[in-house]
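Overview (structure and organization)
Chain by chain, the residues:
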Amino acid sequence: MAFVELEVAHLNFEGSYRDASGQLPADALSGVESLGELALDGRLCPVGGVLPAALAAKQAGHRLILPRENAAEAALVQGLEVLPAAHLLEVAAHLWGREPLTPQPTSRPVPGHLEVADLAEVRGQHQARRALEVAAAGGHNLLISWF
């Protein structure tokens, strides 16, 4: 997982960071994973798949830097240091030791407070609804996601 993967063709890289220019201290990258999409203006944009990435970072014993919008989901992983950032400049300042990122507090889901999607709320979309009903009747799982 990396913010930017720009590689120089004649250099070999290992790990999730590719800093061929030496602009970051090598020890600052040790034990850190990052996840997110980098906009052209340097903003860090949210991405999907945060929970599995957070679990993998914890299993590896690494900290996780990611967009602020994804921090709450990653903070569900107990024992993982989640470092949210809004801009690439914040990440660089953190890695240089100038302005440390503030860790996201670990959170737990509230028991019994789950929003459950109900197909009865779907209006129109008759073919899509029928396909979902057939899938459910066949014992298949269904994941509904809102963006």
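Our structure is the block above this text.
What this report covers is the structure whose coordinates are included nearby.

Criteria and thresholds
Residues numbered from 1 in each chain as written. Predicted model: local features only at pLDDT ≥ 70, side-chain atom pairs only at ≥ 80, totals over all residues. Heavy atoms only, no water. Helix = DSSP H or I, 4+ residues; strand = E, 2+ residues; numbered from the N terminus. Buried < 20%, exposed > 50% of the residue type's maximum accessible area, 1.4 Å probe, protein only. Contact = heavy atoms within 4.5 Å. Areas by Shrake-Rupley, 256 points an atom, 1.4 Å probe, with all protein chains shown as cover. Salt bridge = Lys/Arg side-chain N within 4 Å of Asp/Glu carboxyl O. Core = buried A, V, L, I, M, F, W, Y, C linked by side-chain atoms within 4.5 Å.

1. So, the overall build of the protein chain
- Secondary structure summary: the protein chain contains four helices and five strands in total.
- For the protein chain, buried positions account for 27% of its 147 residues.
- For the protein chain, contacts bridging at least 24 residues in sequence account for 45% of all contacts bridging at least 6.
- Accessible area of the protein chain: about 10300 Å², with a carbon and sulfur share of 54%.

2. Overview of the pattern of salt bridges
- Taken as a whole and assessed by the stated rule, the structure comprises three salt bridges.
- A salt bridge links Arg 68 to Glu 90; its shortest N-O distance comes to 3.1 Å. Of the two residues, Arg 68 sits in helix H2 (residues 68–74) while Glu 90 sits in helix H3 (residues 88–95), which places them 22 residues apart along the sequence.
- Judged by its relative accessible area of 24%, Glu 90 falls in the partly exposed class.

3. Observations regarding the nonpolar core
- Counting residues in hydrophobic clusters, the biggest one holds twelve residues: Leu 35, Val 50, Ala 53, Ala 54, Ala 57, Leu 64, Leu 66, Ala 71, Ala 74, Val 77, Leu 80 and Val 82.
- If one sorts the elements of this core by residue count, helix H1 (residues 50–60) sits on top with four residues.
- Setting aside residues up to four positions removed in sequence, Ala 57 forms contacts with Glu 33, His 62, Leu 64 and Leu 80.
- Ala 28, Val 32, Val 91 and Leu 95 belong to the second largest nonpolar core, which has ten residues in total.

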